[in-house]
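Understanding the architecture of this molecule
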Amino acid sequence: MVAYLRLTIASVVYSDAEECSVESSISEYGVSGNFEASFSNFGGRHDNDFSIGNDVLIEADTSSPATTDIFRGIVEDIDFEGDGPEERVRIRGRDYTARLMDEIVEPEVYTDTEISVIVNDIFDKYVSDTNITRTGVSTTGVTLPRMVFNDVTVYEALKRL
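This structure is a prediction, so every number in the text was calculated from the model and none was measured. (Residues numbered from 1 in each chain as written. Predicted model: local features only at pLDDT ≥ 70, side-chain atom pairs only at ≥ 80, totals over all residues. Heavy atoms only, no water.)

Some points on the nonpolar core
Among the nonpolar cores identified, the biggest contains 18 residues, and Val-105, Ile-118, Ile-122, Val-127, Phe-149 and Val-154 are the most heavily contacted of them. At the level of elements, α2 (115–127), β10 (143–149) and α3 (154–160) are the ones that each hand at least two residues to this core. When residues of this core are assigned to their parent elements, the largest contribution, seven residues, is made by α2. Discounting chain neighbours no more than four positions away, the residues touching Val-105 are Ile-122, Tyr-126, Phe-149, Asn-150, Asp-151, Val-152, Thr-153, Val-154 and Ala-157. (Core = buried A, V, L, I, M, F, W, Y, C linked by side-chain atoms within 4.5 Å. Buried < 20%, exposed > 50% of the residue type's maximum accessible area, 1.4 Å probe, protein only. Helix = DSSP H or I, 4+ residues; strand = E, 2+ residues; numbered from the N terminus. Contact = heavy atoms within 4.5 Å.)

This is the structure:
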């Protein structure tokens with residue numbers, strides 16, 4: 001049972017979330033996750049705290065302080081509900097795989113190209129503006145005679161490789 005929860009949103013730590021849920025799903029296409037958190041907004045306390053695209057880190061543990069990362073992603077939706085002392089702000093978002101699922105690899109053909117070269121080319125062309133970084137892309141020694149991508153997501157393209 002999780003007793004302690006900490007949300008860090010845009011580098012600010014919040015420990016006053018009244019509700020928080022994290023879901024992870026596994027399918028034939030991979031793993032993805034989403035979150036939802038709500039806060040009391042009494043007196044407009046959180047009126048300007050959250051923005052679409054904010055980085056979100058959720059940590060949970062059975063002891064304080066919470067230090068086990070259970071989610072990393074971005075805020076994609078902000079809703080204000082109710083009014084007066086009952087007003088709440090609810091934020092929702094997806095993990096960073098969402099950014100890879102949102103970007104499309106335009107029709108592209110690679111011929112006699114080593115896999116790491118293709119990965120780096122896809123990142124340079126389609127992922128560089130998403131605040132996602134790449135690390136550990138090393139030469140695989142595998143050269144593909146032909147690889148074709150035709151309007152697939154970056155996520156799908158990388159899975160195929």
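Thoughts on the packing of aromatic side chains
Evaluation of the coordinates by the stated rule reveals five aromatic pairs. Residues Tyr-14 and Phe-50 carry aromatic rings whose centres are separated by 5.2 Å and whose planes lie at 55° to one another, so their mutual orientation is tilted. With Tyr-14 in strand β2 (residues 12–14) and Phe-50 in the loop between β4 (30–40) and β5 (55–61), the pair connects residues that are 36 residues apart, well separated along the chain. For Tyr-14, a relative accessible area of 8% puts it in the buried group. (Phe/Tyr/Trp six-rings, centres within 6.5 Å; stacked < 30°, edge-to-face > 60°.)

Side note on the pattern of salt bridges
Across all of its chains, the model carries 15 salt bridges by this definition. Salt-bridge contacts for Arg-45 lead to Asp-16; the nearest nitrogen and oxygen are separated by 2.7 Å. One end of the pair, Arg-45, is in the loop between β4 and β5; the other, Asp-16, is in the loop between β2 and β3 (17–27), with 29 residues separating them in the sequence. By relative accessible area, Asp-16 is classed as partly exposed at 23%. (Salt bridge = Lys/Arg side-chain N within 4 Å of Asp/Glu carboxyl O.)

Points about α2
End to end, α2 covers 17 Å across 13 residues, agreeing with the expected 18 Å (1.5 Å per residue, within 8%). When we look at burial in α2, the residues that qualify are Ile-115, Ser-116, Ile-118, Val-119, Ile-122, Phe-123, Tyr-126 and Val-127. Here the buried residues of α2 occupy an arc of 155° about the axis, which is enough to place them on one side. Of the surrounding elements, those touching the buried residues of α2 are α1 (97–102), β8 (104–105), β9 (108–114), β10 and α3. (Expected span 1.5 Å × (residues − 1). Arc of directions from axis to C-beta.)

Some words on unusual backbone geometry
The residue after Ser-64, namely Pro-65, is reached through a cis peptide bond having omega 0°. Looking at where Pro-65 falls in the secondary structure, it is placed in the loop between β5 and β6 (68–81). Even without glycine at this site, Ala-10 takes up a positive phi of about 50°. Assignment of secondary structure puts Ala-10 in the loop between β1 (4–9) and β2. Accessibility expressed as a relative area gives 35% for Ala-10, which makes it partly exposed. Look at Asp-112: it is not a glycine, yet its phi comes out positive at around 45°. Mapped onto the elements of the fold, Asp-112 is located in strand β9. Judged by relative accessible area, which is 57%, Asp-112 ranks as exposed.

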